Amino acid sequence: MERIGKRCLLLLGAILLACFIMHSPVQAAAKCKVTFANSNGVVANNAYKKLAKTVKKGTVIQLPKVGASGYRSYWVIKSSSGNKKYAMGASYKVTDNVKFCLYRFKLYTVRFYTNDGSSEYAAYSKQLVKGESVTLPAIKNTATRIGLGWSDKTNSKKASYKQKQKVKVTGNMNFYMVCQTIRTVKLYWGDGTVYNTLKLKAGETEDFPSVASQSGMILGWSAEKGKHTFPDYLAGESIPAYGSDFYMVEYRQEDEKILAANQLMSPSKYQHVYIIGDSRTKRASAFLEPYVQNVTFIAEGGMGLSWLRGDSSSPNLPGGYERLIEALNKNQTSTGRKSAIVFNLGGNDLYNGLGYAQYMNSIAASLKNFNCDLYYMSVNPVNEAMMRLYYEMIGNVYPKTETQVTSFNRILRNRLNYNYYKFIDTCSYLRMTGWRSVEHAGYFDGLHYSQATYQKIYNYMMTQIEKNY
């Protein structure tokens, strides 16, 4: 009986609990009102009213997409702690009554163009709101250009803005790419193999190099392949702003011709010819003097203006001018025929062109008293690259350059008194028609000449003075 009583009590408790639950009031879920308004917070028309909704607290809604073309639109919740901005279509979890205000910002277009504005880089174009910043694109360098930056003006050579610079948008904006043009110039050996490749920026200049060759003499450069004479450009001259391929002009050994003794000219109009010079004149005399008549060579190796004036550092060495006067007095006759004096100095002091011109002009009147015509023969070509190799071998590093020779000759040509002197431009003649250097132990010294070249210089000089008699 006691066990049955306990069961009845448990059953009765369960029935009473069920009745309590069934008759308790049910708590309704909370509702939140979502309102949409204009930027002033006013539900201005039916369009805004239709957007309003009431949802259960905790519901996630998608904000309406109501943007207008040409504008960037946001929904903004205003509060005393600050405004919070939401994009069109953004998800929002509703936790209370809330009002969204519609803000529209005008979009401005930022465009990017080539330097002259003829083509647009459409992929770089952006639409941004005033006050935002745009990051200017990086410019990809190529074989023909280096990016410098951007400008807000067409055809600008100077970048006003750097690549990747942030610029604040003030309205519709255009930017124009500013690049440094790169030109590839290839220099070739005479056979067409590449000697060097140069990358030159627009406006940048570089000079044609001097080149040492063991097979011939590099006279200069040409846009035409395979030439042996008459280069278009010389070492030390600027590479032109046009053209991309230039070839060495090589005067070869087989292009030279040694003259027979009877082909060397003796003066026919002049009674006598005096040639005053340095080591190159002295070396020439060895090849020429035995075979020509009425020609006197007055020369000393390594000498220049000091030796000519007679104030050389060697006290026992007679000066060149002194020796010339002595020879003139010795050879003077009463035939009435004129003699010719040809000066060919300067290679050992190329820095002193003005000094030479002044001294030459100072002695001219005195020399004319000997019934002489006066000539100045140019300092003749050198090859700097050959000289460097040779002098490094013998421990002397004082090469002369093609540019120094050109400068010296220009000064003499412009400063000599042409009431007395005529200028013989043998240098230009050799640079165009070819010359070769003498060889020492497998090295060409780039300064002294082969036998055929000395003969060539001499005959050209004789032709010029006979022509001007």
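Just so it is clear, the model here is predicted, and its values are computed rather than measured. (Residues numbered from 1 in each chain as written. Predicted model: local features only at pLDDT ≥ 70, side-chain atom pairs only at ≥ 80, totals over all residues. Heavy atoms only, no water.)

S.K.: Hey, could you run me through the overall build of the protein chain in this one?
M.R.: Looking only at helices and strands, the protein chain features ten helices and 22 strands. For 469 residues, the compact-globule estimate of 2.2 N^0.38 gives 23 Å, and the protein chain exceeds it by more than 25% at 48 Å. Considering only C-alpha atoms, the protein chain reaches an extent of 175 × 60 × 45 Å along its principal axes. When each of the 469 residues of the protein chain is scored for burial, the buried share is 43%. The contacts in the protein chain between residues at least 6 apart in sequence include a share of 67% that link residues at least 24 apart. Accessible area of the protein chain: about 25,600 Å², with a carbon and sulfur share of 50%. One way to put it: in the protein chain the 59 positive side-chain charges average out to a point 27 Å from where the 33 negative ones average out. (Helix = DSSP H or I, 4+ residues; strand = E, 2+ residues; numbered from the N terminus. Rg over C-alpha atoms; globule rule 2.2 N^0.38 Å. Buried < 20%, exposed > 50% of the residue type's maximum accessible area, 1.4 Å probe, protein only. Contact = heavy atoms within 4.5 Å. Areas by Shrake-Rupley, 256 points an atom, 1.4 Å probe, with all protein chains shown as cover. Lys, Arg positive; Asp, Glu negative; His and termini not counted. Charge placed at Lys NZ, Arg CZ, Asp CG, Glu CD.)

S.K.: Which parts of the structure should I look at to understand the pairing of strand β22 (residues 443–449)?
M.R.: Side chains on a regular strand alternate between the two faces of the sheet. Burial of β22 is extensive: six of the seven residues sit out of reach of the surface. Summarising the sheet, strand β21 (residues 437–440) and β22 pair through three bridges and their orientation is antiparallel. What sits directly across from Ser-437, in β22, is Tyr-449. Where β21 hands over to β22, the hairpin turn is made up of two residues, of which Ala-441 adopts a positive phi near 50°. (Pairing = 2+ DSSP bridges.)

S.K.: Explanation requested: the nonpolar core in the structure shown.
M.R.: In a soluble, globular protein the nonpolar side chains are often hidden away together inside. Membership of the largest hydrophobic core comes to 39 residues, with the highest contact counts inside it found for Ile-276, Ile-341, Phe-343 and Tyr-376. The biggest single contributor to this core is helix α6 (residues 353–368), with seven residues. Among all residues touching Phe-343, those that are not within four sequence positions of it are Ile-276, Leu-308, Leu-324, Met-360, Ile-363, Leu-367, Tyr-375, Tyr-376, Met-377 and Tyr-421. (Core = buried A, V, L, I, M, F, W, Y, C linked by side-chain atoms within 4.5 Å.)

S.K.: Teacher, can you tell me more about the packing of aromatic side chains here?
M.R.: For any pair of aromatic rings, the description rests on two quantities: the centre-to-centre distance and the angle between the ring planes. Summed over all chains, the structure comprises 30 aromatic pairs. Centre to centre, the rings of Tyr-161 and Phe-175 are 5.5 Å apart; their planes meet at 85°, and the pair counts as edge-to-face. Separated by 14 residues along the polypeptide, Tyr-161 in the loop between β10 (145–151) and β11 (166–168) and Phe-175 in strand β12 (residues 173–188) bring together distant segments of the chain. For Phe-175, a relative accessible area of 1% gives the class buried. (Phe/Tyr/Trp six-rings, centres within 6.5 Å; stacked < 30°, edge-to-face > 60°.)

S.K.: What exactly am I supposed to notice about the environment of Lys-158 here?
M.R.: Within the secondary structure, Lys-158 sits in the loop between β10 and β11. Sequence separation between Lys-158 and His-228 is 70 residues, and the spatial gap between their C-alpha atoms is 44 Å. Apart from residues lying up to four places away in sequence, Lys-158 is in contact with Ser-151 and Val-178.

S.K.: For this particular structure, what's the right way to read the side chain of Asp-349?
M.R.: With respect to the helices, strands and loops of the structure, Asp-349 is situated in the loop between β18 (339–344) and α6. One buried charged residue, Asp-349, forms no salt bridge at all, with the nearest opposite charge on Arg-309 at 7.4 Å. Those residues in contact with Asp-349, other than ones at most four positions away along the chain, are Gly-304, Leu-305, Tyr-356 and Phe-408. (Salt bridge = Lys/Arg side-chain N within 4 Å of Asp/Glu carboxyl O.)

S.K.: Any chance you could explain the side chain of Asn-409 here in plain terms?
M.R.: Along the chain, Asn-409 falls in helix α8 (residues 402–415). Among residues more than four places away in sequence, those in contact with Asn-409 are Ser-378, Val-379, Phe-423 and Cys-427.

S.K.: Please clarify how helix α5 (residues 320–331) should be interpreted in this entry.
M.R.: Look at α5: 16 Å from first C-alpha to last across twelve residues, which is about the 16 Å you get at 1.5 Å a residue. Within α5 the residues assigned to the buried category are Gly-320, Leu-324, Ile-325, Ala-327 and Leu-328. Summarising the axial view, the buried residues of α5 lie within an arc of 165°, below the 170-degree limit, and thus occupy one face. Exposed residues on α5 whose side chains face more than 90 degrees from its buried face are Glu-322, Glu-326 and Lys-330. Summarising the contacts, the buried residues of α5 are in contact with β16 (273–277), β17 (295–299), α4 (305–309), β18, α6 and β19 (372–377). (Expected span 1.5 Å × (residues − 1). Arc of directions from axis to C-beta.)

S.K.: Can you walk me through empty space enclosed by the protein in this structure?
M.R.: Regions of empty space are outlined by a rolling probe, equal in size to a water molecule, passed over the atoms. Within this structure, the stated rule accounts for three cavities of 30 Å³ or more. Here the largest cavity defines a volume of roughly 190 Å³. Around the largest cavity, the lining is made up of 19 residues, and of these Arg-280, Thr-281, Asn-344, Met-377 and Ile-457 lie nearest the centre. Elements supplying a minimum of two residues to the lining of the largest cavity: α3 (279–288) and α10 (451–467). Its residues placed into classes, the lining of the largest cavity shows twelve nonpolar, five polar and two charged. Roughly 140 Å³ of internal volume is contained in the second largest cavity. As for the second largest cavity, its lining consists of 16 residues, and the residues nearest its centre are Ile-218, Leu-219, Ala-235, Val-382 and Glu-402. No other element matches the five residues that strand β14 (residues 216–222) contributes to the lining of the second largest cavity. Class assignment for the residues of the lining of the second largest cavity results in eleven nonpolar, three polar and two charged. (1 Å grid on protein atoms, 1.4 Å probe; cavity = no way out; pocket = protein on both sides within 12 Å on 5 of 7 lines; lining within 4 Å. Points joined across faces, edges and corners; volume = space filled by probe spheres on them. Nonpolar A, V, L, I, M, F, W, Y, C, P; charged D, E, K, R; others polar.)

S.K.: Just to check I follow, could you spell out the sheet that holds β18 for this structure?
M.R.: Across a sheet, paired strands are connected by hydrogen bonds in the backbone, their directions being either parallel or antiparallel. The strand order across the open sheet built from five strands is β17-β16-β18-β19-β20, with neighbouring strands paired in parallel fashion. Across the chains shown, the open sheet's two edge strands, defined by having one partner strand only, are β17 and β20 (421–424). Direction aside, the axes of adjacent strands within the sheet are offset by 20° on average. Taken together, the five bridges between β16 and β17 define a ladder with parallel strand orientation. From the neighbouring strand, Tyr-274 faces β17, where its bridge partner is Thr-296. Against the sheet, α5 touches β16, β17, β18 and β19, its axis set at about 160° to β17. (Axes fitted to C-alpha atoms, helices over the stretch in contact; angles between N-to-C directions.)

S.K.: Looking at this model, I keep getting lost on the pattern of salt bridges. Mind explaining?
M.R.: Oppositely charged side chains may form a pair once their charged atoms are brought near each other. Scanning all chains against the criterion turns up 14 salt bridges. Measuring nitrogen to oxygen at the nearest pair gives 3.6 Å for the salt bridge that ties Lys-153 to Asp-152. Assessed through its relative accessible area of 54%, Lys-153 is described here as exposed. By relative accessible area, which is 37% here, Asp-152 ends up partly exposed. Among the salt bridges present, the one from Arg-413 reaches Asp-425, with a minimum N-O distance of 2.7 Å. Placement of the pair is Arg-413 in helix α8 and Asp-425 in the loop between β20 and α9 (426–433), with a sequence separation of twelve residues.

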